[in-house]
Amino acid sequence: GESVGLHLPTLSVQEGDNSIINCAYSNSASDYFIWYKQESGKGPQFIIDIRSNMDKRQGQRVTVLLNKTVKHLSLQIAATQPGDSAVYFCAESGGSNYKLTFGKGTLLTVNP
Amino acid sequence: DSGVTQTPKHLITATGQRVTLRCSPRSGDLSVYWYQQSLDQGLQFLIQYYNGEERAKGNILERFSAQQFPDLHSELNLSSLELGDSALYFCASSVRDPLTSEQFFGPGTRLTVL
């Protein structure tokens, strides 16, 4: 069935390092992918999105990479800061429905 | 602040009861989405409305129902509550449909069923 999963449930990095959070998806019909950040006690916050006709998209300190061949999505955070500590979710949608399917999340901890 | 408001922030009730969660989307957003977030199931899409009409359904139980009113606010009704319904319920809104635009999430309603 459709599923979106994360390779690593937790990631701990040093402040200033780059972080990479990975996500696998199984629905080959998915054509839209989003990364969300959720801080404790808050709702998910949009970070960046990418459509299936692209393989890379950059934002402010973040880059999303999409590899459709292996159905893999990654989020790269440059110069990670303590404020980046949160749970990161990938989500996908596409095909014949508008349902957004979320992965289980990766907890990113940034050590000062 | 995303611009999406949800009330109440916390809700404590007993099994078998019925509750209504309310969501006001961002000004101008026509789509409203409801999600359930629990520790064991993660963030699960429940249902989407677009301009008053149901647009997509996810893993929503038959005991749950929702609607979007002419002023675009939405309500999620949960009935015959069970312990397992305890979770965070998020509402999100977006400008247009289909689902290719950013969704803005509200702060959530924490439901505790005792």
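Thresholds applied
Residues numbered from 1 in each chain as written. Chains lettered and ligands numbered in written order. Predicted model: local features only at pLDDT ≥ 70, side-chain atom pairs only at ≥ 80, totals over all residues. Heavy atoms only, no water. Helix = DSSP H or I, 4+ residues; strand = E, 2+ residues; numbered from the N terminus. Buried < 20%, exposed > 50% of the residue type's maximum accessible area, 1.4 Å probe, protein only. Contact = heavy atoms within 4.5 Å. Areas by Shrake-Rupley, 256 points an atom, 1.4 Å probe, with all protein chains shown as cover. Lys, Arg positive; Asp, Glu negative; His and termini not counted. Charge placed at Lys NZ, Arg CZ, Asp CG, Glu CD. Core = buried A, V, L, I, M, F, W, Y, C linked by side-chain atoms within 4.5 Å. Disulfide = S-S within 2.5 Å. Pairing = 2+ DSSP bridges. Phe/Tyr/Trp six-rings, centres within 6.5 Å; stacked < 30°, edge-to-face > 60°.

Trainee: Could you give an account of the overall build of chain B, with specific residues and numbers?
Mentor: Tallying secondary structure elements over chain B gives 0 helices and 11 strands in all. The proportion of buried residues among the 114 residues of chain B is 53%. Within chain B, residue pairs in contact and separated by at least 24 positions form 55% of the contacts whose partners lie at least 6 positions apart. Of the roughly 5,300 Å² of accessible surface on chain B, a fraction of 49% belongs to carbon and sulfur atoms. Taken as two groups, the 9 positive and 12 negative side-chain charges of chain B have centres that lie 3 Å from each other.

Trainee: A description of the nonpolar core should follow, citing residues and the corresponding values.
Mentor: Within the largest apolar cluster, 22 residues are counted, with the highest numbers of intra-cluster contacts made by B:Leu21, B:Trp34, B:Leu76, B:Leu78, B:Tyr89 and B:Leu111. Elements represented by at least two residues in this core include exactly strand S3 (19–24), strand S4 (31–38), strand S5 (42–50), strand S7 (64–68), strand S8 (74–78), strand S9 (87–94) and strand S11 (109–113) of chain B. A:Ile21, A:Cys23, A:Ile77 and A:Ala86 belong to the second-largest nonpolar core, a separate cluster that totals 20 residues.

Trainee: Let's hear about the state of the cysteines: which residues, and what values?
Mentor: Residues and elements named next belong to chain A. Applying the stated rule across the entire model yields 2 disulfides over all chains. Residue cysteine 23 pairs covalently with cysteine 90 via a disulfide, S to S 1.8 Å. Across the disulfide from cysteine 23 to cysteine 90, rotation about the S-S bond amounts to roughly 55°, and the bridge is consequently right-handed. With cysteine 23 in strand S3 (residues 19–25) and cysteine 90 in strand S9 (residues 86–94), the pair connects residues that are 67 residues apart, well separated along the chain. Taken individually, cysteine 23 and cysteine 90 each receive the classification buried, so the pair is uniform in this respect.

Trainee: Give a description of unusual backbone geometry that names residues and reports values.
Mentor: Residue and element names in this part refer to chain B. Between threonine 7 and proline 8 the backbone carries a cis peptide bond, its omega angle lying at -10°. By the element assignment, proline 8 lies in the loop between strand S1 (5–7) and strand S2 (10–13). Phi is positive for asparagine 51, which is not a glycine, with a value near 50°. Residue position: asparagine 51 is located in the loop between S5 and strand S6 (53–57). Residue classification places asparagine 51 among the partly exposed positions, given a relative accessible area of 48%. Of note in the backbone geometry, serine 80 takes a positive phi value of approximately 45° without being a glycine. Mapping serine 80 onto the fold places it in the loop between S8 and S9.

Trainee: Explain the environment of A:Thr10 residue by residue, including any values.
Mentor: Residue and element names in this part refer to chain A. Structurally, threonine 10 is set in strand S2 (residues 10–14). By relative accessible area, which is 52% here, threonine 10 ends up exposed. Placed 77 residues apart in sequence, threonine 10 and valine 87 show a C-alpha to C-alpha distance of 8.7 Å. Among residues more than four places away in sequence, those in contact with threonine 10 are Thr106 and Leu107.

Trainee: Mind laying out the pairing of S6(B), listing which residues take part and the relevant values?
Mentor: Residue and element names in this part refer to chain B. Here 4 bridges tie S5 to S6, and the two strands are oriented antiparallel to one another. If you follow tyrosine 49 over to S6, its bridge partner there is glutamate 54. In sequence, S5 turns back onto S6 through a hairpin of 2 residues, with asparagine 51 there showing a positive phi of about 50°.

Trainee: Requested: an account of the packing of aromatic side chains, with residues and values cited.
Mentor: Residue and element names in this part refer to chain A. By the definition in use, this model includes 11 aromatic pairs over all chains. Ring geometry for tyrosine 36 versus phenylalanine 46: centroids 6.2 Å apart, planes at 85°, classification edge-to-face. Of the two residues, tyrosine 36 is situated in strand S4 (residues 30–38) and phenylalanine 46 in strand S5 (residues 45–51); the sequence distance between them amounts to 10 residues. Across the pair, phenylalanine 46 and tyrosine 36 agree in class, each one buried. Between tyrosine 36 and phenylalanine 102, the ring centres sit 5.5 Å apart and the planes meet at 40°, which makes this aromatic pair tilted. With tyrosine 36 in strand S4 and phenylalanine 102 in strand S10 (residues 97–102), this residue pair connects regions lying 66 residues apart in the sequence. Judged by its relative accessible area of 0%, tyrosine 36 is buried.

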